[in-house]
Structure formats: structure tokens, C-alpha cells
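Overview (structure and organization)
Listed below are the residues making up each chain.
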Amino acid sequence: MNRAGIVILISGRGSNMQAILEAARAGDFPAEIRAVISNAPEAAGLERARAADVATEVVNHRDYRNRTEFDRALMEKIDARTPDLVALAGFMRILGPEFIDHYAGRLINIHPSLLPKFPGLDTHERALASGAKVHGASVHFVTREVDSGPIIIQAAVPVLAHDTPETLAARVLEEEHRIYPQAIRWFAENRLSIRDGRVLLDGAQRPEQGLVAASR
Ligand code: GAR
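Residues numbered from 1 in each chain as written. Predicted model: local features only at pLDDT ≥ 70, side-chain atom pairs only at ≥ 80, totals over all residues. Heavy atoms only, no water.

1. Quick look at the packing of aromatic side chains
When we look at a pair of aromatic rings, we describe it by the centre distance and by the angle of the planes. Applying the stated criterion to the full structure yields three aromatic pairs. Note on Phe99 and Tyr103: the rings are 4.8 Å apart at their centroids and 55 degrees apart in plane angle, and the pair reads as tilted. No difference in accessibility class separates Phe99 from Tyr103, as the two residues are buried. Aromatic side chains Phe141 and Phe187 sit 6.4 Å apart centroid to centroid with 55 degrees between the ring planes, which places their arrangement in the tilted category. (Phe/Tyr/Trp six-rings, centres within 6.5 Å; stacked < 30°, edge-to-face > 60°. Buried < 20%, exposed > 50% of the residue type's maximum accessible area, 1.4 Å probe, protein only.)

2. Structural notes on the site of the ligand
The ligand sits among Arg13, Gly14, Ser15, Asn16, Gly90, Met92, Ile110, His111, Pro112, Asp147, Leu173 and Glu176. The contact in question runs from an oxygen atom of the ligand to an N or O atom on the side chain of Arg13, over 2.5 Å. Of all the elements in the fold, those that place two or more residues in the shell around the ligand are helix H1 (15-25), strand S5 (107-111) and helix H6 (165-188). (Near = heavy atom within 4 Å. Polar contact = N/O pair within 3.5 Å; in protein donor to acceptor, adjacent residues only side chain to side chain. Helix = DSSP H or I, 4+ residues; strand = E, 2+ residues; numbered from the N terminus.)

3. Structural notes on the sheet that holds S5
With mixed pairing, the eight strands of this open sheet are ordered in space as S3-S2-S1-S4-S5-S6-S7-S10. Single-partner strands in this sheet number two, and they are strand S3 (56-58) and strand S10 (211-213). Along the sheet, successive strands turn relative to each other by an average axial angle of 20 degrees, direction set aside. Where strand S1 (residues 4-10) meets strand S2 (residues 31-38), seven bridges bridge the pair, whose relative direction is parallel. Across the sheet, Ile10 pairs through a bridge with Ser38, a residue of S2. (Pairing = 2+ DSSP bridges. Axes fitted to C-alpha atoms, helices over the stretch in contact; angles between N-to-C directions.)

4. Considering unusual backbone geometry
Residues other than glycine predominantly adopt negative phi, and peptide bonds predominantly adopt the trans conformation. Residue Leu115 is joined to Pro116 through a cis peptide bond whose omega torsion reads 10 degrees. Residue placement: Pro116 occurs in the loop between S5 and helix H5 (123-130). Despite not being glycine, Phe118 has its phi angle at roughly 55 degrees, a positive value. In this fold, Phe118 is placed in the loop between S5 and H5. Classification of Phe118 by relative accessible area gives buried; the value is 13%. Phi is positive for Asp122, which is not a glycine, with a value near 55 degrees. Secondary-structure assignment places Asp122 in the loop between S5 and H5.

Okay, structure coming up:
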């Protein structure tokens, strides 16, 4: 099998990265992880990647004078691995237009909300404060606007009476670990395309396939 090459970018714990690594370990997964790159040398996910025998790199944003220089250094490290796909997995730096345009159509992100609701930070706190009855996570192609871009797959979870941001985050995270490998599988199987800002699966709009609804 000709597996698609992936580079994963992280900033922290790396549990989504781990879910992707575990999926990739299964024999029939159509993608292989070429490297995990972090902007933060202390990211716990780096250790997890090393433990799984995956190549790791650090491009420390503090070493660069501005975003453009950091983005270019990151692009150089990524491109050295010639990936088909770049997956942001808890990567907490904003990327500039040059970077985003360079990877157009092959850069995806996971965000802990049902986009377009709650872009940005503190999504679980904001979902609770809004009184929303459902919350969730989204995997989407990255475009120039932060936390926007065509949605590949979402998972919805109920908001429960005694939820705190932590309990809600944990319920959402479990779903993140399901939908990110699924999105990558579809990408690697060449089943995704974008038309009019919307993601098609096998050339058609299939919203029901892109939604995972969790039971409590
Ligand atoms: C995840 O919940 C991910 O969705 C979120 O950060 C967490 C990283 O956890 N990403 C964003 O908020 C991006 N805007 P992880 O390091 O354990 O995968």
C-alpha cells in the first residue's frame, strides 16, 4: 500500500497526535507519520512521539524575531519530510498567510467546538456560559481566517447538568480522538475535495457521514 505521508504539529500534551499514531499503527491505515514537530521544546507530546519511534523536531518560536521568520523555519522542517498532509493537533501558534497558502488543501486542524461556534480559546467555558445543549469538536481544512475553513467532520456531545469545563472537555476530547484519525483516513484515501467552500466526500455532500453523535 502506498501510504500518504503526514507531518503533525503540536504544542502540548499530544493526545490527538497519539490517537493518530495509534490509528497509523493498525495495518490498514492509509497514512504514515513522517515526523512530529513542536514549537515548544517542553511539549509532553514530543516524548510520546519518541516513545512510539516517530521522528521529532522542535522549531522554537522564541528563537525567531517575528512570525514570518518562524513560519519559514517551520515550513523548511516540514518540507524536508515531503508530506502529503500537515495536521495541526493542539498547535497553539497562529500561522501566517504565506504558510497557509503554501499548504492550501493539505493543511488540517482539530478545534474543540462545533465550528463556526466558539473559534479561539476557552471553548468549553464559553459553551457552558452560552447555555448550549450540545457541544463538540471539528476537523477542518485551514484557511487564512483562524478556526474557520471547510469542515470535514464533526462530533457532537451533550452538555450535562453538572458539567464543568473540565468534564465537558474530557467528553469532547474522547470524540476528538475518534474523528481526527477518520478525517485523515478520508484525506489519505483521496476521498475529500472542496467545492464552494464545502467539503465533499467521494464527490458529494454527505453531511451525515461527517457527523458523529456521541451517546452519553
Ligand atoms: C485539543 O482539545 C485540541 O482540539 C485543541 O487543543 C487540545 C490539544 O490537546 N486545539 C485548539 O484549541 C486549537 N485551536 P492534545 O495536545 O492532547 O491533542
